Each structure stands twice: as structure tokens, then as C-alpha cells.
Amino acid sequence: MEALSIEGTAKTPTVKFNAQDGVIEIKGRSIPENSIEFYKPLVEWLEQYSSSPLDLTQVNVQLEYFNTSSSKCILDVFKKLEAIHKGKSEVIINWHYEEDDEDMLEAGEDYESIIRVPFKMIEIVE
Amino acid sequence: MSFDVNEYYSKLNGDDVLIAYKGNVSSELISNVLEVVEARMDDISEDSKIRKKVYNVLVESLQNLYHHIDVLPPGMQNEYEEKFGILVVSRIKTRYRISTGNFVQTSKIDVLKNKIDKINSMSKEELKDMYKFILNHQRLSDKGGGGLGLVDIARKTGNPLDYAFHEYDDEYSFFNLDVHIDFNYG
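These notes cover the structure that comes with them. (Residues numbered from 1 in each chain as written. Chains lettered and ligands numbered in written order. Predicted model: local features only at pLDDT ≥ 70, side-chain atom pairs only at ≥ 80, totals over all residues. Heavy atoms only, no water.)

1. Section: the overall build of chain B
(1) Moving on: Along chain B, the regular secondary structure elements total six helices and five strands.
(2) Moving on: Starting at the N terminus and ending at the C terminus, chain B contains elements arranged as α-β-α-α-β-β-α-α-α-β-β.
(3) Moving on: Its C-alpha radius of gyration of 16 Å places chain B within 12% of the 16 Å reference for a compact globule of 186 residues.
(4) Moving on: C-alpha atoms of chain B, sized along the principal axes, occupy 45 × 40 × 30 Å. (Helix = DSSP H or I, 4+ residues; strand = E, 2+ residues; numbered from the N terminus. Rg over C-alpha atoms; globule rule 2.2 N^0.38 Å.)

In C-alpha cells form, the structure reads like this:
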């Protein structure tokens, strides 16, 4: 399966989804006015990946900012991962936040309480 | 006397203003404003915690405008473009103030007012629950709006949403929303 790779912009994150090593990364800023279009290929890629996932899928989310439009799409991504985790494949979501960014930590905890996938909160110390 | 948007704008646009804008609210405008405000906060070496909050809240405020701006009152259509809004970001004494304004049809005021009053009456914990409920149960509109903007702003600032409606004519009012971010938050 081909990797998904999208370069980041001022309003959209860098995306690297790799089916070979099972590492999925979303990094940067996600603040487009309409996020549906941007997240569609991510959800579709995961849909395809879910038919034959690796034993372990590691998800690295490292967002500096995300808006409420993105928050729903990110939940859609996580729901796909939840479906994979419900199968026999393990999924871990590593949620990164900068040390003084309590809002970002809290956002991760919100998702953790909705999605049945293990989360690991990772503090980035500068 | 009817509400004068230009007079109102000059009153807001005083000292300590990081950016003031009135006109068409487009996606490009939003990008430019964010860039300018980020650079201004960099210039004054703003505390990174405050900087993040201001940026986040500014994104939501601008995109709320972008998604919800109504058509202009007929009397103003010659002077301004369709997606007309006002934005003033100020740094005053102990807080940042993000002021936005746009015309709304007077018939829609009650719904908006009730929504804001409800948000303002909620505790931090209740806002969190409301946010999670909307996140998990409501679908995005075609435009990408999620109905979460105001809840998110209230949550992140910990302050009530300060609003006013000014009557413009029989059909239209001007909606002003002031959002405050305290320096000593949390």
C-alpha cells in the first residue's frame, strides 16, 4: 500500500502515513476554514489500511494549533483507528503537547475520553 | 438614530491596538491577520502561553465571522463587500481583547442571544461536557463549521462572552462580540 504524504502549509499540517512501518504522523497547524476536504484522503487511506493493518500502528499527533473545524475531522481519523484497534491489531496514539500548553493537553484528554484507543500524553520540553 | 458602523469602528480603534480591520472577511484575510498578530506578539516577546491562547481564540473568532456573516443591509451594499466584518485586537492593561462585529438579521438575534447566554451560564466542567457532546454528536456543515467555536472560545478564555446588538434598521442589527484573554489566566 502506498504511503500518504502531504506537505504542511500555514493552515494545514504535514501528514505522513506509512503502511510499511505502521507509523502515522500529523504535525503542525490545522486551521483551515473548511477541514473536510483536507481530511478526506486521510480517512480514506486509513479505511484501506484497516483491511490489513500491521500488528502495531503508532500514531504521532503533534499539533501546534488546531481549530474546531479540524477537531471533528481529527475525531473521524481517530474513529478509524479505533476500528483498527477493535480488531486484533494494536494502536497507540502519542499525543504531543508543548510544556506550557494546557489547552492542547486537555484537547488530547477530551479525545482520550471519547475514543477507545490507548493514548500516551507526551510533553515536549524546549 | 441608527447605528453608525464607521463611528463605532473608530471608537474601538484607539491605543494599544495590534490590528484593526473592517471589510471583506475572506480566507486570505484570515491568513494575513493571523500572520500580523503573530508577528506583533513576537515583537513584544509575549508570553508563549498567552500567545497560544490569543492565536487559538483569534482563529475561532475570525472563522466564526467567516462562516456566519449575513448579507449586508441594502443601505450598505454600495460601500462594502458582501462578507463584511470588523475585527479589532487590542492589548489593554491586564488582558487582550478580540472584538468582532457583523450585521445580522434582527430575526436571528434571539437564537444567538440564547446560545451565548447559555454558554455564559456554564461552569468550566459543563463547557467541557458540552464541547465533547457537540464534537461527538454533531456533523460538520458543508462549509466546515462545527457549532463549536463559541464553546471553545469560552472554554479557552475562561471569561464570559461579552456581546451587544445595535439596531441598524427595521430588519438588521449589528452584532458585536468581545472576547477577553487575561494575562494571568490559569
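2. Here's the deal with the pairing of strand E6 (residues 119–124) of chain A
All names here are of chain A.
(1) Moving on: The pairing of strand E5 (residues 90–98) with E6 spans six bridges and is parallel. Counted as the bridge partner of histidine 96 is isoleucine 122 from E6.
(2) Moving on: Since E5 and E6 lie parallel, the crossover through helix H3 (residues 102–114) that links them has a hand, and here it is right-handed. (Pairing = 2+ DSSP bridges. Right-handed = clockwise from strand over helix to strand, strands pointing away.)

3. Some remarks on the nonpolar core
(1) Moving on: One finds Phe78(A) and Leu81(A) to be the most contacted residues of the largest nonpolar core, which totals 77 residues.
(2) Moving on: At eight residues, the largest contribution of residues to this core is made by helix H3 (residues 48–68) of chain B.
(3) Moving on: Leaving out residues up to four positions away in the same chain, Leu81(A) has contacts with Ile24(A), Leu46(A), Val59(A), Val91(A), Ile93(A) and Val117(A).
(4) Moving on: Counting 16 residues, the second-largest nonpolar core is a separate cluster that includes Tyr9(B), Val17(B), Tyr80(B) and Ile86(B). (Core = buried A, V, L, I, M, F, W, Y, C linked by side-chain atoms within 4.5 Å. Buried < 20%, exposed > 50% of the residue type's maximum accessible area, 1.4 Å probe, protein only. Contact = heavy atoms within 4.5 Å.)

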